[in-house]
Amino acid sequence: MKIYAFKIPKKPGEHLIVQCDRGPVFYDKLHQHEEIQLSLIVKGQGKLIVGGNVHSYEDEDFFVIGSGIPHLFKSSESNRDSYMISIFFTKTSFGEYFFQLREMDTLKSFFKYSESGFKLNRHDLFVQETMKSMVEIDHFSRFLSLLKLLKELSKQQKIKLSNFTYPKEISDDHGERLRSVFDFVMQNFDQEIKLENVAELVHMTPNAFCRFFKQRTNKTFFKFLIEIRVEHASQLLVNNKDLSVLEIAHLAGFNSISNFNRKFKQIKGVSPSSFVLSLS
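A brief look at the structure comes next.

Rules used throughout
Each chain has its residues counted from 1, running along the sequence as written. Per-residue local features of the predicted model are confined to residues with pLDDT of at least 70, and side-chain atom pairs are confined, for both listing and counting, to 80 or more; whole-chain, interface and lining totals are unaffected and use all residues. Computation of side-chain values covers all heavy atoms of the structure but excludes hydrogens and water. Starting at the N terminus, helices and strands are each numbered in turn, a helix being any DSSP run of H or I of at least four residues and a strand any DSSP run of E of at least two. When we talk radius of gyration, it's over C-alpha atoms, and the globule rule is simply 2.2 Å times the number of residues to the 0.38. Note on contacts: a residue pair qualifies if any of its non-hydrogen atoms lie within 4.5 Å across the two residues. The Shrake-Rupley method, run with a 1.4 Å probe, gives the accessible areas here. Residue values count only the displayed protein chains as cover. In this charge count, Lys and Arg are treated as positive and Asp and Glu as negative; neither His nor the chain ends contribute. The atoms used to mark charge sites are NZ of Lys, CZ of Arg, CG of Asp and CD of Glu. Here's how the labels work: a residue is buried when its accessible area is under 20% of the maximum for its type, exposed when over 50%, partly exposed in between, all with a 1.4 Å probe on protein chains only. By definition here, a helix of n residues has an expected span of 1.5 Å times n minus one. At least two bridges found by DSSP between two strands are what make those strands a pair. An axis is simply a line fitted to the C-alpha atoms; with a helix, the fit covers only the stretch in contact. Between two such axes, the angle follows the N-to-C directions and lies from 0 to 180 degrees. The term nonpolar core refers to a set of buried residues drawn from Ala, Val, Leu, Ile, Met, Phe, Trp, Tyr and Cys, joined through side-chain atoms within 4.5 Å. Contacts described as polar in this section are N or O atom pairs within 3.5 Å, which, within protein, must combine one atom able to donate a hydrogen with one able to accept it, while residues neighboring in sequence count only if both atoms come from side chains. Aromatic pairs are defined between Phe, Tyr and Trp rings, using the six-membered ring for Trp, whenever the two ring centres lie within 6.5 Å; interplanar angles under 30 degrees are classed as stacked, those over 60 as edge-to-face, and all others as tilted. Charge over a ring is defined by NZ of Lys or CZ of Arg lying within 6 Å of the ring centre and within 35 degrees of the ring normal.

A tally of regular secondary structure across the chain gives 10 helices and 11 strands. Its C-alpha radius of gyration of 20 Å places the chain within 12% of the 19 Å reference for a compact globule of 280 residues. Along the three orthogonal principal directions, the C-alpha set of the chain runs to about 55 × 45 × 35 Å. Here the analysis covers contacts within the chain between residues at least 6 apart in sequence; of these, 74% occur between residues at least 24 apart. Element-wise, carbon and sulfur atoms account for 50% of the exposed surface of the chain, whose accessible area totals about 14400 Å². For the chain, the distance from the average position of its 38 positive side-chain charges to the average position of its 33 negative side-chain charges is 5 Å.

Shown next, in the form of structure tokens:
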């Protein structure tokens, strides 16, 4: 129950790792690693927590998660397997100064945005085809494809994933507490959650817990909880069109339809009904 300092499996002398994850769930423990992670969701739905921020994911979404940022993928309950292709590398994978060369200046935008993580705001065919091809091609071709991919990503419009500005090395004790809180919220967000109960879970007073959570996620606990609920509601609106907005509000943990509408619009910028219309 902590933020795992995850080690990406790699062979001796291997500096660019391509990994395919298939199964009912992805690796859903809160973890961080040195490598920058590029991930294409080929198939799957769920929620992604990145440095305390919450995002939904679905088929064909593409994410970049920066070095050292705590994150986890929480797959939605489904009868189908999920499939994700990921690329891992560091800024020094190809030599300490490789990405500092003048010829690499065009990639500065990519590395700047990767520090907080980002999601492409639209599905891009070139990115998808490049990621899928990386699984089969040889090491040299992978290297060339990565450079082309980074150049393309530098030009694409991006959605920031995180406000992760605090020190990236989190102690085991603090990691255990954050992991416990995230696990508890992901399992119980549809129920009433009291601050006192969450604080007791991590053996802190409510005031101390509020300071602890805000310092490490740059947001209040209840803002994080509302974001989880709204993201879950948005997935239900997309995938369960037979449910009414009132039913979805209750399934996402909102006891008041007016409060649900207000919070949904604050986070998504549109009302739930407008969100549904935008899908058609």
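On the secondary structure map, H55 appears in strand β6 (residues 53-57). On the basis of relative accessible area, H55 is assigned to the buried category, the value being 15%.

Moving on, we get to helix α9 (residues 257-268). Taking 1.5 Å as the rise per residue, α9 with 12 residues should run 16 Å; its terminal C-alpha atoms sit 16 Å apart, in good agreement. Downstream of α9 by a residue or two, G269 has a phi angle that is positive, lying close to 85°.

Here the focus is the sheet that holds strand β4 (residues 36-43). Here six strands make up an open sheet; going across it, the order is β2-β9-β4-β7-β10-β11 and the pairing antiparallel. At either margin of the open sheet sits one strand with a lone partner, and together these are β2 (17-23) and β11 (158-160). On average, each strand axis in the sheet is tilted by 20° relative to the strand beside it, whichever way the strands run. As defined by bridge partners, β4 adjoins strand β9 (residues 82-89) across seven bridges and the pair is classed as antiparallel.

Turning next to the nonpolar core. Judged by nonpolar contacts, the single largest core of 27 residues is most densely connected at L38, I87, F89, F110 and L153. Counting only elements with at least two residues in this core, the list comes to β4, β7 (62-65), β9, α1 (108-114), β10 (118-120), α2 (125-133) and α3 (139-155). At five residues, the largest contribution of residues to this core is made by α3.

What follows deals with α3. With 17 residues, α3 extends 25 Å from end C-alpha to end C-alpha; this agrees with the ideal 24 Å at 1.5 Å per step. Looking at α3, one finds that the buried residues are R142, S145, L146, L147, L149, L150, E152, L153 and S154. The residue sitting at the N-terminus of α3 and contributing the capping side-chain oxygen is D138; that oxygen lies 3.1 Å from the backbone nitrogen of F140.

Mapped onto the fold, R177 is located in helix α4 (residues 172-188). When its relative accessible area of 22% is taken as the criterion, R177 is described as partly exposed. Counting along the chain gives 77 residues from R177 to F254, while the straight-line C-alpha distance between them is 25 Å. The residues contacting R177, other than those within four sequence positions of it, are V202, M204 and F212.

Once that is clear, we can look at the side chain of N53. Tracing the chain through its elements places N53 in strand β6. Beyond its immediate stretch of four places on either side in the chain, N53 contacts L48, L161, S162, N163, K219 and E227.

On to the pairing of strand β5 (residues 46-50). For β5, the buried fraction is high: five of the five residues fall into the buried class. Two elements, β5 and β6, share five bridges in a ladder whose sense is antiparallel. From the neighbouring strand, G46 faces β6, where its bridge partner is Y57. A loop of two residues connects β5 with β6, the two strands running antiparallel in sequence, and G51 in this loop sits at a positive phi of about 55°. With five bridges joining them, β5 and strand β8 (residues 71-75) adopt antiparallel strand pairing. In the strand pairing of β8, V50 is matched with H71.

Tallied over the entire structure, the rule returns 23 aromatic pairs. Centre to centre, the rings of F110 and F118 are 6.0 Å apart; their planes meet at 85°, and the pair counts as edge-to-face. Residues F110 and F118 agree in their burial class; the two are buried. Relative to F224, the ring of F182 lies with its centre 4.9 Å away and its plane at 25°, an arrangement referred to as stacked. Linking F182 in helix α4 with F224 in helix α7 (residues 221-239), this pair joins segments that are 42 residues apart in sequence. We note that F182, like F224, is buried. Following the ring pairs from residue to residue traces out a cluster consisting of F89, F94, F98, F99, F110, F111, Y113, F118 and F143. In this arrangement the basic side chain of R22 is found over the ring face of Y83, its NZ or CZ atom lying 3.6 Å from the centre. Residue placement shows K91 over the ring face of F111; its charged tip is 5.0 Å from the ring centre.

So yeah, pure geometry; function would need other evidence.
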